[in-house]
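The chain contents come next:
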Amino acid sequence: MQSNSLNKKVFLVKSLLILLFIGLGTLAHSQVITPADSLKADSLRAKTLKEQRRSDNLNKQYDFGDLTRNILHPKRKADSLHHGSGITIVPNIAANPTIGAQLGIKAVAGRRLGNDPKTLLSVAATSASITSKGIIYFYVNHNIFTPGNKWNFQGNFVIAKTVSPDFGLGIGRPYDGGSAIDKILADNAHKGYAIHSYYLNIREKAYKEVAKNLFLGAGLSFEIRGKITNKDTVNNATPSSVYNNEHGFPQDHYSANGFLFNVEYITRDNPNRAYSGIYFDAGIRVNQTWIGSTKNAMQFTTDFRKYFSLSDSSPETVLAFWNWGSYLLSGSIPYLELPGTARDGTFRSGRGYTSQYFKGTQFNDTEAEFRFPILANKFISGVVFGSMQTGNDEHGTKLFQVFQPGYGGGLRVLFNKATRTNLALDYAFGKFGNKGFFLNLNESF
């Protein structure tokens, strides 16, 4: 009898605040005593039927490439044996309250390396864009799995001229006591300040598979900002200037350079739009002055995602959950690197608010999303979602003491069915009058 099982793993965060249990469901395959030839035939038949269902599902889908073909070559029939290229090149049109309206060009690629069907999909993307708020942004990123998932390489390169909106430190809890400087740091009125800077980020992590779907990794990350300016900044006149003075950071520049140590567990079937499985990553980041960091610091981060497909005939009907958190264990983090709204790895959490609208040295975001096809050919789908953010501040508010909600809904347009690349159009609402339109490629998580 053959049996595969995964025991439940418990990750205990070194802080007073988090105890995260991640259940890795137990998988068991029981073997029935059957003549060898019959067993082999049944196995081959089951595998063939499974592959046929997947092929049928893909052939029944309609994406942007099909639309283009029907417009340019209306008499040409679709090639059911060819599922299209894994490369998508599109105008990088995006919009959200943080960046305003964005125009540029973006290329997204996805393919499985080697011939092992169990190898996870590798993805890469690059983009150059400019926004209505004066942001100029260029990046290249990748998430590569070698054949058989022996290694996983994750990295990115970003160079940008940025404008970061700032609404003070904390989770939006009113602060009535203390000095005028403390009130500035809390920004009770949610006034908002625009912080201009030049930004460079280089990050690379290498993971080695040590057991089925389980990886251990390490790497380096360099976050460097220069020419930081805020038109409202006179000494202690803005939240960022108060924070910098209290924690000993220069007002116009900083570096946050550190070592990364991670553990990763992956069973999700696609990174662009998963139908089922789990993604989990937990890591320690150690910033060190001897490699150029302005301050020493140690952070613990977690990223957990779980996907449930609710229909065999329409696997795109999915209930998805996401929890992301970052917790300072020691040292000091630069103001613009504090964990907060949309400070996850893809800058997509907390829809309904601008990036870092809420922030603290301890931060956690939990989200749920229901995804469902609208058209039978899956060209148009819909989503509804909600989130809850919580964080600490320097005035006594603790993590999990105050929660701020966000919610909304949206549409999805299937751009590339081979890689499940889609266009995401969301409208989200938050508290304190926050709301906005969010336009991106692929799901938020």
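In what follows, the accompanying structure is described. The structure presented is a predicted model; accordingly, all values stated were derived computationally and were not measured.

This part takes up helix H4 (residues 239–247). All of the buried residues along H4 are Pro239, Ser240, Ser241, Val242, Tyr243 and Asn244. Of the residues trailing H4, Gly248 is marked for its positive phi of about 75 degrees.

Our next topic: the environment of Phe445. Within the fold, Phe445 resides in the segment after strand E19 (435–441). Along the backbone, Phe445 and Ala274 are 171 residues apart, and their C-alpha atoms lie at a distance of 8.6 Å. Excluding residues that lie within four positions of it along the chain, Phe445 makes contacts with Arg305, Tyr307, Ala320, Phe321, Trp322, Arg351, Glu367, Ala368, Glu369 and Arg371.

With that settled, the discussion passes to the side chain of Lys417. Residue placement: Lys417 occurs in the loop between strand E17 (403–416) and strand E18 (421–430). Judged by its relative accessible area of 12%, Lys417 is buried. A polar side-chain atom of Lys417 sits 3.0 Å from the main-chain carbonyl oxygen of Gln61. The contacts of Lys417, once residues within four sequence positions are left out, are Leu58, Gln61, Asp63 and Asp66.

On the surface, Phe138, Val140, Phe157, Ile159 and Ile202 cluster together to form a nonpolar patch covering roughly 380 Å² of accessible area. Those elements that place two or more of their residues in the nonpolar patch are strand E7 (136–145) and strand E8 (151–166). Along the chain, Ile159 falls in strand E8.

All right, on to the environment of Ala211 then. On the secondary structure map, Ala211 appears in strand E9 (residues 193–211). Classification of Ala211 as partly exposed rests on a relative accessible area of 38%. Considering only alpha carbons, one finds Ala211 and Lys150, 61 residues apart in sequence, at a separation of 9.6 Å.

When strand E5 (residues 100–111) meets strand E6 (residues 122–131), the two strands line up antiparallel, connected through 10 bridges. Bridge pairing in E6 links Gln102 to Thr131.

How each quantity is defined
Residues numbered from 1 in each chain as written. Predicted model: local features only at pLDDT ≥ 70, side-chain atom pairs only at ≥ 80, totals over all residues. Heavy atoms only, no water. Buried < 20%, exposed > 50% of the residue type's maximum accessible area, 1.4 Å probe, protein only. Helix = DSSP H or I, 4+ residues; strand = E, 2+ residues; numbered from the N terminus. Contact = heavy atoms within 4.5 Å. Polar contact = N/O pair within 3.5 Å; in protein donor to acceptor, adjacent residues only side chain to side chain. Patch = residues over 30% accessible without salt bridge, like charges linked within 9 Å, V, L, I, M, F, W, Y side chains within 5 Å. Areas by Shrake-Rupley, 256 points an atom, 1.4 Å probe, with all protein chains shown as cover. Salt bridge = Lys/Arg side-chain N within 4 Å of Asp/Glu carboxyl O. Pairing = 2+ DSSP bridges.

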